[in-house]
Amino acid sequence: MVRSGIWVLAVFSVIQSSFGFYLPGSYPHNYQIGDYLNVKVNSLTSFETEMPFSYYSLPFCKPSEGIKDSAENLGELLMGDRIENSPYRFKMFKNESEIFLCQTEKLSGDSFKLLKERIDEMYQVNPMLDNLPANRYTKKDGYVLRWTGYPVGIKVQDVYYVFNHLKFKVLVHKYEEANLAGVMGTGDAAEVFPTGEKKNSDELGYMVVGFEVVPCSFAHNVDPKKKLEMYERYPTPIRCDSTSVSMSVKEGQSIVFSYEVSFEESDIKWPSRWDAYLKMEGSKVHWFSILNSLMVITFLAGIVFVIFLRTVRRDLTTYEELDKEAQAQMNQELSGWKLVVGDVFRAPSNPSLLCVMVGDGVQILGMAVVTILFAALGFMSPASRGTLITGMLFFYMILGIAAGYVAVRLYRTIGCGEQHKWMSVAWKAACFFPGIAFLILTTLNFLLWGSHSTGAIPFSLFVILILLWFCISVPLTLIGGYFGAKAPQIEFPVRTNQIPREIPAQRYPSWLLVLGAGTLPFGTLFIELFFIMSSIWIGRVYYVFGFLFVVMILLVVVCAEVSLVLTYMHLCIEDYKWWWKSFFASGSVALYIFIYSINYLVFDLQSLSGPVSATLYLGYSLFMVLAIMLATGTIGFLSSFWFVHYLFSSVKLD
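Heads up: these notes are all about the structure in this document. This is a predicted model, so every value here is computed, not measured.

### Let's talk about the overall build of the protein
Helix and strand content of the protein: 18 helices and 14 strands. For the protein, with 654 residues in total, the buried portion stands at 48%. Considering only contacts in the protein between residues 6 or more positions apart, those separated by 24 or more positions represent 84%.

### Topic: the pairing of strand β7 (residues 135–140)
Bridging between β7 and strand β8 (residues 143–148) involves 6 bridges; their strand directions are antiparallel. Bridging from a neighbouring strand, Thr-138 pairs with Leu-145 of β8. Connecting the antiparallel pair β7 and β8 is a turn made up of 2 residues, with Asp-141 showing a positive phi of about 55°.

### A look at the sheet that holds strand β5 (residues 127–129)
Pairing is antiparallel across the open sheet formed by 4 strands, whose spatial order is β2-β1-β5-β6. Only two strands of the sheet have a single partner each, and these edge strands are β2 (84–91) and β6 (132–133). Looking at chain direction, strand β1 (residues 36–41) and β2 are connected through 5 bridges and run antiparallel. Across the sheet, the residue bridging to Tyr-36 is Lys-91, located in β2.

### Topic: the pattern of salt bridges
Between side chains of opposite charge, a pair can form when the charged atoms approach closely. All chains considered together, the criterion is met by 9 salt bridges. Three or more residues joined by partner-sharing salt bridges are found here, namely Lys-169, Glu-212 and Glu-264.

### Side note on the side chain of Glu-561
Mapped onto the fold, Glu-561 is located in helix α15 (residues 545–572). According to the relative accessible area criterion, Glu-561 is buried, its value standing at 12%.

### Considerations on the state of the cysteines
Counting across every chain of the model gives 2 disulfides. One disulfide in the model links Cys-61 with Cys-102; its S-S distance is 1.8 Å. Taking the torsion about the sulfur-sulfur bond, which here is approximately -85°, the covalent link between Cys-61 and Cys-102 counts as left-handed. Taken together, the residues span a long stretch of sequence, with Cys-61 in the loop between β1 and α2 (74–79) and Cys-102 in strand β3 (residues 96–103) at a distance of 41 residues. In terms of burial, Cys-61 and Cys-102 fall into one category: buried. Cys-216 shares a disulfide with Cys-240; S-S distance 1.7 Å. As the torsion about the S-S bond is roughly 60°, the Cys-216-Cys-240 disulfide counts as right-handed. Within this pair, whereas Cys-216 is found in strand β13 (residues 206–216), its partner Cys-240 is found in the loop between β13 and β14 (256–265), the two being separated by 24 residues in sequence. By relative accessible area, Cys-216 is classed as buried at 1%. Taking only the cysteines that form disulfides and numbering them from first to last, the protein has the pattern 1-2, 3-4.

### Let's talk about unusual backbone geometry
Both trends apply: most residues other than glycine have a negative phi, and most peptide bonds are in trans. Positive phi, close to 60°, is recorded for Glu-50, a residue that is not glycine. Mapping Glu-50 onto the fold places it in the loop between β1 and α2. Its identity as a non-glycine residue notwithstanding, Glu-98 has a phi of 55°, on the positive side. You can see Glu-98 is positioned in strand β3. Look at Glu-98 and you get buried, because its relative accessible area is 15%.

### Some remarks on a nonpolar patch on the surface
A surface patch of nonpolar side chains, about 420 Å² in accessible area, is lined by Met-423, Trp-427, Phe-438, Ile-466 and Phe-470. Looking at the nonpolar patch element by element, the count peaks at 3 residues for helix α11 (residues 422–450). With respect to the helices and strands, Trp-427 occurs in helix α11. Assessed through its relative accessible area of 36%, Trp-427 is described here as partly exposed.

### Here's the deal with the packing of α15 against helix α16 (residues 579–587)
A packed helix pair is summarised by two numbers, namely the angle formed by the two axes and the spacing between the axes. Between α15 and α16, whose axes approach to 8 Å, the crossing angle comes to 140°. Taken as axis vectors, α15 and α16 run oblique relative to one another. By crossing handedness, the relation of α15 to α16 is classed as right-handed. On α16, the residues that touch Cys-559, Val-562, Ser-563, Leu-566, Thr-567 and His-570 of α15 are Lys-581, Ser-582, Ala-585 and Ser-586. Looking at the contact of α15 with α16, its residues break down into 4 nonpolar, 5 polar and 1 charged.

### Comments concerning the packing of aromatic side chains
Applying the stated criterion across every chain yields a total of 45 aromatic pairs. Ring centres of Phe-168 and Tyr-259 lie 6.4 Å apart, and the angle between their planes is 65°; on these two criteria the pair is classed as edge-to-face. Note that Phe-168 is positioned in strand β12 (residues 165–174) and Tyr-259 in strand β14, a separation of 91 residues in sequence. Using a relative accessible area of 1% as the deciding quantity, one classes Phe-168 as buried. Judged by relative accessible area, Tyr-259 falls into the buried class, the value being 1%. Between the aromatic rings of Trp-578 and Phe-641, the centroid separation amounts to 6.4 Å while the plane-to-plane angle is 40°, which identifies the pairing as tilted. Taken together, the residues span a long stretch of sequence, with Trp-578 in the loop between α15 and α16 and Phe-641 in helix α18 (residues 611–649) at a distance of 63 residues. On the basis of relative accessible area, Phe-641 is assigned to the buried category, the value being 9%. Linked through ring pairs, Phe-522, Phe-526, Phe-530, Phe-531, Tyr-592, Tyr-596 and Tyr-600 together constitute an aromatic cluster.

### Describing the nonpolar core
In terms of nonpolar packing, the biggest core is built from 150 residues, with Phe-90 and Phe-648 touching the most fellow members. No other element matches the 16 residues that α18 contributes to this core. Beyond its immediate stretch of four places on either side in the chain, Phe-648 contacts Trp-337, Val-340, Val-341, Val-344, Phe-345, Pro-493, Val-494 and Leu-571. If you look at the next biggest cluster of nonpolar residues, it comprises 6 residues, including Phe-100, Phe-218, Tyr-234 and Ile-238.

### Quick notes on helix α12 (residues 459–486)
Along an α-helix, residues three or four apart share an orientation, since each turn contains 3.6 residues. In this model, α12 (28 residues) spans 40 Å end to end at C-alpha, consistent with the 40 Å of a helix rising 1.5 Å per residue. Of all the bends in α12, the greatest, near 30°, is centred on Trp-469. Within the sequence span of α12, burial applies to Leu-461, Phe-462, Trp-469, Ser-473, Val-474, Thr-477, Leu-478, Gly-480, Gly-481, Gly-484 and Ala-485. Close packing links the buried residues of α12 with α2, α8 (351–376), α9 (387–398), α10 (400–414) and α11.

How each quantity is defined
Residues numbered from 1 in each chain as written. Predicted model: local features only at pLDDT ≥ 70, side-chain atom pairs only at ≥ 80, totals over all residues. Heavy atoms only, no water. Helix = DSSP H or I, 4+ residues; strand = E, 2+ residues; numbered from the N terminus. Buried < 20%, exposed > 50% of the residue type's maximum accessible area, 1.4 Å probe, protein only. Contact = heavy atoms within 4.5 Å. Pairing = 2+ DSSP bridges. Salt bridge = Lys/Arg side-chain N within 4 Å of Asp/Glu carboxyl O. Disulfide = S-S within 2.5 Å. Patch = residues over 30% accessible without salt bridge, like charges linked within 9 Å, V, L, I, M, F, W, Y side chains within 5 Å. Areas by Shrake-Rupley, 256 points an atom, 1.4 Å probe, with all protein chains shown as cover. Axes fitted to C-alpha atoms, helices over the stretch in contact; angles between N-to-C directions. Parallel < 35°, antiparallel > 145°, perpendicular 65-115°, else oblique. Left-handed = near helix turned anticlockwise from the far one by under 90°. Nonpolar A, V, L, I, M, F, W, Y, C, P; charged D, E, K, R; others polar. Phe/Tyr/Trp six-rings, centres within 6.5 Å; stacked < 30°, edge-to-face > 60°. Core = buried A, V, L, I, M, F, W, Y, C linked by side-chain atoms within 4.5 Å. Expected span 1.5 Å × (residues − 1). Bend = angle between axes of the 7 residues up to and from the residue.

Rendered as structure tokens:
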């Protein structure tokens with residue numbers, strides 16, 4: 001059964017890498033000539049506020065059949081996406097121009113003020129056709145820039161103008177093959193899919209492979225005596241000039257909206273239609289990031305090699321070659337890590353909290369690895385909005401069983417086999433990180449609710465999240481805790497003295513070394529971190545999950561090596577309190593990521609306006625940093641625990 005699953009995964013990965021077909025993604029829709037194409041609209045977005053708003057919060061034309069929400073998944077709602085129908089509609093391969101859409105009611109004082117605010121805050125309209133966002137191309141300094149969506153309007157010399165005429169261009173590819181394999185660009189696999197009867201060329205339709213928009217500001221001169229209906233031909237010619245504006249916005253004045261559409265046959269095949277959105281610049285920078293990480297790993301690996309082969313092995317070999325009398329004499333002259341043999345496994349302060357944090361760290365780390373792996377294999381296509389967030393929630397809940405198991409078994413090991421407290425530890429593991437996340441997100445949600453943003457999580461969704469937490473995640477964590485309580489505890493190789501040993505005075509505070517250790521993991525991550533932050537806050541599509549997966553593996557190795565080296569250094573200066581230090585040695589990378597987030601806010605998000613937007617940014621950054629601290633700290637602690645257990649199990653000291 002396991003082998004068959006591996007083979008299925010391998011086959012899907014080969015298909016994805018060879019033909020660029022995203023799994024699960026969406027399937028090609030064949031439109032016949034004359035079929036209606038309906039444009040949908042997503043939430044209004046802005047890089048200046050990071051608060052999405054509903055498209056119909058502004059005085060735009062509404063569809064005659066009423067506003068309807070599209071089917072949304074959990075991830076879309078959490079991301080603030082609100083996809084709704086719009087009055088814009090086309091007929092396949094039928095060019096139309098000067099189409100009248102509607103004339104709004106006269107702008108009230110509140111509507112006029114809100115429209116000016118949205119223009120000042122540079123809000124973008126995000127239309128979609130056949131699940132493709134609208135592209136907009138502009139030229140600057142001889143370069144062609146691609147944008148998604150178009151601005152609501154523009155301010156020129158203290159006068160506000162709205163883009164009320166849209167020039168759409170739809171790129172289509174002819175449905176040339178009668179079998180699915182040919183459509184997907186996988187002609188070699190034609191035998192896999194059954195071929196229907198041969199159709200005439202006129203009967204074969206078209207697939208949408210591109211969607212572009214040019215916004216224009218045009219002053220319509222509508223005759224008040226003649227009432228135009230939606231989709232009627234506008235009586236006078238409309239010239240769409242994107243370099244000039246003429247439709248100014250004034251209180252008490254109505255706005256006329258119109259559009260035109262043209263169709264163009266393209267060589268782009270359906271599997272490649274997302275290439276324009278997924279094109280990630282700077283591939284050399286990603287390779288530089290990986291090479292930089294490899295250099296750090298090599299440097300740390302050299303130190304670990306010296307510790308194991310030249311220091312630890314030499315000491316152990318020398319000790320084992322002595323006879324019993326010489327060993328007894330040597331025990332009186334021990335130095336370094338051998339002096340703390342009776343205290344090295346002494347229980348740390350707040351052992352329950354440490355076990356809970358390690359358990360939650362295992363859960364978060366497992367979720368990240370599995371999610372990024374699936375995304376790298378193409379199972380989480382950008383065509384399926386919200387699947388990444390939905391997948392993360394799913395894997396996080398399922399891995400609650402790992403959090404409970406690790407937390408309870410580690411607590412039994414540290415607490416000398418106290419089995420009766422496993423329920424309490426499992427409950428804390430189930431509620432620690434989700435509770436903090438719930439507190440942060442609830443606080444931020446009140447800010448979004450107060451701003452009437454679509455980014456606010458609806459109350460019904462809040463109830464669903466709480467039910468998922470207590471009905472799935474908590475029970476799975478308790479089940480994991482039960483198995484952890486039944487599993488045998490890890491036996492320490494040496495006994496712990498009843499009286500704790502006094503730690504010699506240090507020349508420098510140990511926390512300084514712990515905080516400094518986080519710079520090395522941060523050095524492996526900061527280049528890729530820029531692309532991730534740009535994807536989250538500037539709207540750039542991030543889809544190089546293969547690079548991200550490699551960087552994550554390298555980060556795991558660096559965190560393990562850093563914590564291992566620092567733990568050995570503390571033991572050598574007779575500091576046996578390594579438990580928490582090993583956790584924060586690698587977990588301190590979160591501090592540098594938070595500092596980098598503040599730097600990104602100051603220098604890269606200079607246009608971010610208002611205290612609410614800044615609070616939202618810092619709140620989400622704090623949530624991300626907390627998760628990273630738990631995951632990286634867990635890596636460091638587990639590697640140090642293995643190292644200390646291995647080190648002291650290799651020598652017998654009385």
